[in-house]
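# Remarks on the overall topology
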Amino acid sequence: MPSEIATIQIEVPILETKRLILREPRNADWEAVRAFSMSDRSRHVGGPFNEWQAWSSLVSVAGHWAIRGYGMWTVEDKATGGVTGRIGIINHIDWPEPELGWQIFEGFEGKGLAYEAAMAARNHAQGSMGMGPLISQIAHDNTRSRRLAERMGAVIESEGEVRGTPCLIYRHPAGVA
Amino acid sequence: MTPTLTTDRLTLRPPKASDHAAYAAFFADPEASHFYGGPLLPYQAWERLSADVGHFALKGFGRFVIERDGAPVGGCGILDVAGWPGHELTWWLLPAARGQGNAQEASRAVLAWAGDALGWRQVETHFRDENLAARRLTESLGGVKQRREIFPDGHARDIYAIPTRAEVTA
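Residues numbered from 1 in each chain as written. Chains lettered and ligands numbered in written order. Predicted model: local features only at pLDDT ≥ 70, side-chain atom pairs only at ≥ 80, totals over all residues. Heavy atoms only, no water.

## Overview of the overall build of chain B
Each helix and strand counted, chain B has four helices and eight strands in total. Mapped in sequence order, the helices and strands of chain B form the string β-β-α-α-β-β-β-α-β-α-β-β. Whereas a compact globule of 170 residues would reach a radius of gyration of roughly 15 Å, chain B reaches 15 Å, a difference of no more than 12%. Dimensions along the principal axes, computed over C-alpha positions, put chain B at roughly 40 × 35 × 35 Å. Residue pairs at least 24 apart in sequence account for 57% of intrachain contacts in chain B once pairs closer than 6 positions are excluded. (Helix = DSSP H or I, 4+ residues; strand = E, 2+ residues; numbered from the N terminus. Rg over C-alpha atoms; globule rule 2.2 N^0.38 Å. Contact = heavy atoms within 4.5 Å.)

## Observations regarding the overall build of chain A
Along the backbone of chain A there are four helices and eight strands. Reading the helices (α) and strands (β) of chain A from amino to carboxyl end gives β-β-α-α-β-β-β-α-β-α-β-β. Its C-alpha radius of gyration of 16 Å places chain A within 12% of the 16 Å reference for a compact globule of 177 residues. Buried residues in chain A amount to 51% of all 177 residues. Taking all contacts inside chain A whose residues are at least 6 apart in sequence as the whole, residues at least 24 apart take part in 58%. Of the roughly 8200 Å² of accessible surface on chain A, 50% is carried by carbon and sulfur atoms. Side chains of chain A carry 18 positive and 21 negative charges; the gap between the two charge centres is 6 Å. (Buried < 20%, exposed > 50% of the residue type's maximum accessible area, 1.4 Å probe, protein only. Areas by Shrake-Rupley, 256 points an atom, 1.4 Å probe, with all protein chains shown as cover. Lys, Arg positive; Asp, Glu negative; His and termini not counted. Charge placed at Lys NZ, Arg CZ, Asp CG, Glu CD.)

## Here's the deal with helix 1 (residues 30-37) of chain A
Note that an α-helix has 3.6 residues per turn; residues three or four places apart therefore point the same way. Residue and element names in this part refer to chain A. Inspection of helix 1 places W30, V33, F36 and S37 among the buried residues, and these make up the whole buried set. The buried residues of helix 1 all sit within an arc of 140° when viewed along its axis, so they share a single face. Buried positions along helix 1 lie against helix 2 (51-68), strand 4 (83-90) and strand 5 (99-104). (Arc of directions from axis to C-beta.)

## Section: the UniProt feature "domain: N-acetyltransferase" (unreviewed entry) in chain B
As recorded in UniProt, the sites labelled "domain: N-acetyltransferase" (unreviewed entry) are residues 10-163 of chain B. Between the first and last C-alpha atoms of residues 10-163 of chain B the distance is 22 Å; the span itself is 33% helix and 30% strand. (UniProt positions renumbered as here; feature names shortened; annotations may be inferred.)

## Observations concerning the interface of chain A and chain B
A common way to report how large an interface is uses the accessible area buried once the components associate. Contacts between chain A and chain B engage 29 residues on the former and 34 residues on the latter. Here chain A and chain B share an interface that buries about 2800 Å² over both sides, 69% of which is from carbon and sulfur atoms. The interface formed by chain A and chain B holds one salt bridge in total. The shortest N-O distance in the salt bridge between E47 of chain B and R163 of chain A comes to 2.9 Å. Between chain A and chain B we count four residue pairs in polar contact (both at pLDDT 80 or more) in total. A class-by-class count of the residues in the side of chain A that touches chain B yields 16 nonpolar, seven polar and six charged. (Buried area = accessible area lost by both parts, 1.4 Å probe. Salt bridge = Lys/Arg side-chain N within 4 Å of Asp/Glu carboxyl O. Polar contact = N/O pair within 3.5 Å; in protein donor to acceptor, adjacent residues only side chain to side chain. Nonpolar A, V, L, I, M, F, W, Y, C, P; charged D, E, K, R; others polar.)

## Details of the side chain of E105 of chain B
Structurally, E105 of chain B is set in helix 3 (residues 102-116). With sequence-adjacent residues up to four places away left out, E105 of chain B is seen in contact with T7, D8, R9 and L10 of chain B.

## Brief notes about the nonpolar core
If you look at the biggest cluster of nonpolar residues, it comprises 53 residues, and the most contacted ones within it are L22, W73, I87, I89, W102 and M152 of chain A. The element best represented in this core is helix 3 (residues 113-126) of chain A, accounting for eight residues. When residues no more than four places from it in sequence are discounted, the contact partners of W102 of chain A are M72, R86, I87, A118, S136, I138, S145, L148, A149 and M152 of chain A. Of all hydrophobic cores here, the second largest spans 46 residues; its members include F27, L49, F61 and A117 of chain B. (Core = buried A, V, L, I, M, F, W, Y, C linked by side-chain atoms within 4.5 Å.)

## Things to note about the layout of surface pockets
All names here are of chain B. The computed volume of the second largest pocket comes to approximately 400 Å³. Lining the second largest pocket are 19 residues, and of these W91, L93, R98, A133 and A134 sit closest to its centre. Mapped onto the lining of the second largest pocket, the elements with two or more residues apiece are strand 5 (88-93), helix 3 and helix 4 (132-140). Looking at the lining of the second largest pocket, its residues break down into ten nonpolar, six polar and three charged. (1 Å grid on protein atoms, 1.4 Å probe; cavity = no way out; pocket = protein on both sides within 12 Å on 5 of 7 lines; lining within 4 Å. Points joined across faces, edges and corners; volume = space filled by probe spheres on them.)

## Examining helix 3 of chain B
End to end, helix 3 of chain B covers 21 Å across 15 residues, agreeing with the expected 21 Å (1.5 Å per residue, within 8%). When helix 3 of chain B is considered as a whole, its buried residues turn out to be N102, A103, E105, A106, S107, A109, V110, L111, W113, A114 and G115 of chain B. (Expected span 1.5 Å × (residues − 1).)

## Here we look at the pattern of salt bridges
Residues and elements named next belong to chain B. All told, the structure shown has 26 salt bridges over all chains when counted by the stated rule. Note that D52 is salt-bridged to R63, the shortest N-O span being 3.0 Å. A residue pair is termed long-range when its members are at least 10 positions apart, and D52 in helix 2 (residues 42-59) and R63 in strand 3 (residues 63-68) qualify at eleven residues. Between D158 and R135 there is a salt bridge, with the nearest N and O atoms lying 3.6 Å from each other. Remark: R135 occurs in helix 4 and D158 occurs in strand 8 (residues 156-163); sequence separation between them is 23 residues. With respect to burial, D158 and R135 carry one shared label: buried. Salt bridges sharing common partners tie together D129, R135, K145, R148 and D158.

Here you go:
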């Protein structure tokens, strides 16, 4: 039979740093996304979530790339091939503007990996994608994320709110570092 | 390659950003979206839309948007949801598009596509016991009850298998 497969293609630039690869979301990311989304580690991004919500987050990140032309990369550790998190540009329909956001998975904190990935993502977004200067919306008590934003040179611009939860809006420096 | 399916009255194509109005209208209606986790706020409907778009991107199949007379009136397709059984035939329709055989017409196109393009002999579907419309439609498509399971949301549902190339007459 003739086959015509209806599908959607996403084009995701692959970014490489010293220790990491930022690549497209894949089905194979499921276990890592599930573990993060269902754990307390996701409390600052609206979690913890149930399994259906975790699954929805995996596919909707791919949908975000298709709809917006940018989105969150899956960050892979070159040494082990493990998925260390998701980092990139988030612009949901109720967002004030595109945001640089990150999710750091269990076991990958405290090594500077988040900084390395976030700088690569920001440089690409504010460089070849011509975006920004980007914001990051961070809960007041999310000290780890605030430290990361500040290390990147972002400064508090205003008070904001994400879906009813107050947050700080950080503004990143323009351009490429 | 034109990624669409066509029937006498309908066009089925992958979802896109401009479908948000139809998704938001459907999910804002508590009665219409009752069996679909609704009602939902517009941003939650946007997440459903993003998920449907991304499902096509990650898996190569998914839930199409149904267009009639050039306007989106619902969705129909096949989902593979982690933690839920099988490749699931699923559909939704805006209230104004119900009662006209649209779900059945769209489902037949999707079943033919699943058989021809994806090479599957059957798909599954499931629904709450009180969803009589879904049961009637499933049976009209040649669906046969396989088993009953308790789902992650705590509800028990009958699971039906539906042949993709069944010579079922309307």
